[in-house]
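Results of the structural survey
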Amino acid sequence: MIRAGIISPLLLTACVQAPQTSQAPFNPNYQGVETRLLDGDLVQFHVAMIGARNSADLDNYAECAAAQYALIRGYGFARHVRTKMKQEGGVQTADAVYTISPSLPRGLRTIDAEVVVADCEANGIPTV
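Just so you know, these numbers come straight off a predicted model, no measurement behind them. (Residues numbered from 1 in each chain as written. Predicted model: local features only at pLDDT ≥ 70, side-chain atom pairs only at ≥ 80, totals over all residues. Heavy atoms only, no water.)

**Points about the overall build of the protein**
Stated formally: A run of DSSP states H or I qualifies as a helix once it reaches four residues; a run of E qualifies as a strand once it reaches two. Both are numbered from the N-terminal end. Type-normalised accessible area, obtained with a 1.4 Å probe on protein chains alone, sets the label of each residue: buried when under 20%, exposed when over 50%, and partly exposed for intermediate values. The contact rule is simple, with two residues in contact once any of their heavy atoms fall within 4.5 Å. Note on areas: these come from Shrake-Rupley sampling with a 1.4 Å probe, and a residue is covered only by the protein chains present in the view.
When its secondary structure is counted, the protein shows three helices and five strands. Put simply, the protein runs from its N terminus to its C terminus through helices and strands in the order α-β-β-α-β-β-β-α. Residues counted as buried form 29% of the 128 residues belonging to the protein. Excluding contacts between residues fewer than 6 apart, the proportion of contacts in the protein whose partners are at least 24 apart in sequence is 63%. Total accessible area computed for the protein in this model is approximately 8,800 Å², and 52% of it derives from carbon and sulfur atoms.

So this is what it looks like as C-alpha cells:
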C-alpha cells in the first residue's frame, strides 16, 4: 500500500528559485536641453539622453529643466501639461510642455521649483 504524504509548504518554498535581477549600473549621458517660450507662461522643453533606464528617467530630466527655467524667470512653480517621448538610434528624447507661475497652479502634476532643483542637484540630473 502506497501512502500519499502531506508535503510541508516550507519544503516547497525551498524549491522556488529567487528571481534573478541583473541591474546594470545607471550611467546616463545627458545630451542637453532646448527651451522655447511658446506663449506667456507656456514653455516647451526638448531633452535628450542616452542610457535612460526607462521613460521616468527622461521625464525627470525634463522636469529638472522646467523647474530651473521657472526659477530663472523669477517664478516658483510649474505645472506639467504634456510630454511626448521617442527613441531613435539609442538616443531617447522628450518634448515636454510646462506652464510656469509665481503661485502654486491648479492641477495634479505641479512642481515646487526650488524643491525639484535641489532634488535634481542631489541626484546629479542637470538643469537648464
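**Comments concerning helix 3 (residues 113-122)**
Test applied: Think of the arc as the fan of directions from the helix axis to the C-beta atoms.
Within helix 3, the full set of buried residues consists of Ala113, Val116, Val117 and Cys120. The buried residues of helix 3 all sit within an arc of 100° when viewed along its axis, so they share a single face. Residues Glu114, Val115 and Ala122 are exposed on helix 3 and point more than 90 degrees away from its buried face. The inward-facing, buried residues of helix 3 abut helix 2 (55-72), strand 3 (77-88) and strand 5 (110-112). With its phi angle positive at about 75°, Gly124 sits one or two positions after the end of helix 3.

**What to know about the packing of aromatic side chains**
Our working definition: Classification of ring pairs uses Phe, Tyr and Trp, with its six-membered ring standing for Trp, and accepts pairs whose centres are within 6.5 Å; under 30 degrees between planes counts as stacked, over 60 as edge-to-face, and the remaining range as tilted.
Applying the stated rule across the entire model yields three aromatic pairs. Plain terms: the ring middles of Phe45 and Tyr98 are 5.9 Å apart, the flat faces sit at 75° to each other, and that makes the pair edge-to-face. Separated by 53 residues along the polypeptide, Phe45 in strand 2 (residues 42-50) and Tyr98 in strand 4 (residues 91-101) bring together distant segments of the chain. Each member of the pair Phe45 and Tyr98 is classed as buried. Through a chain of ring-to-ring contacts, three or more aromatic side chains come together here, namely Phe45, Tyr69 and Tyr98.

**So, the nonpolar core**
Applied cut-off: The set of buried Ala, Val, Leu, Ile, Met, Phe, Trp, Tyr and Cys residues whose side-chain atoms join them within 4.5 Å is what this entry labels a nonpolar core.
Within the largest apolar cluster, 25 residues are counted, with the highest numbers of intra-cluster contacts made by Phe45, Val47, Ala67, Tyr98, Ile100 and Ile111. Those elements that provide at least two residues to this core are strand 2, helix 2, strand 4 and helix 3. Per-element accounting of this core gives the leading share, nine residues, to helix 2. When sequence neighbours within four positions are dropped, the list of residues in contact with Val47 reads Gly32, Val33, Leu58, Tyr61, Ala62, Gln92, Thr93 and Ala94.

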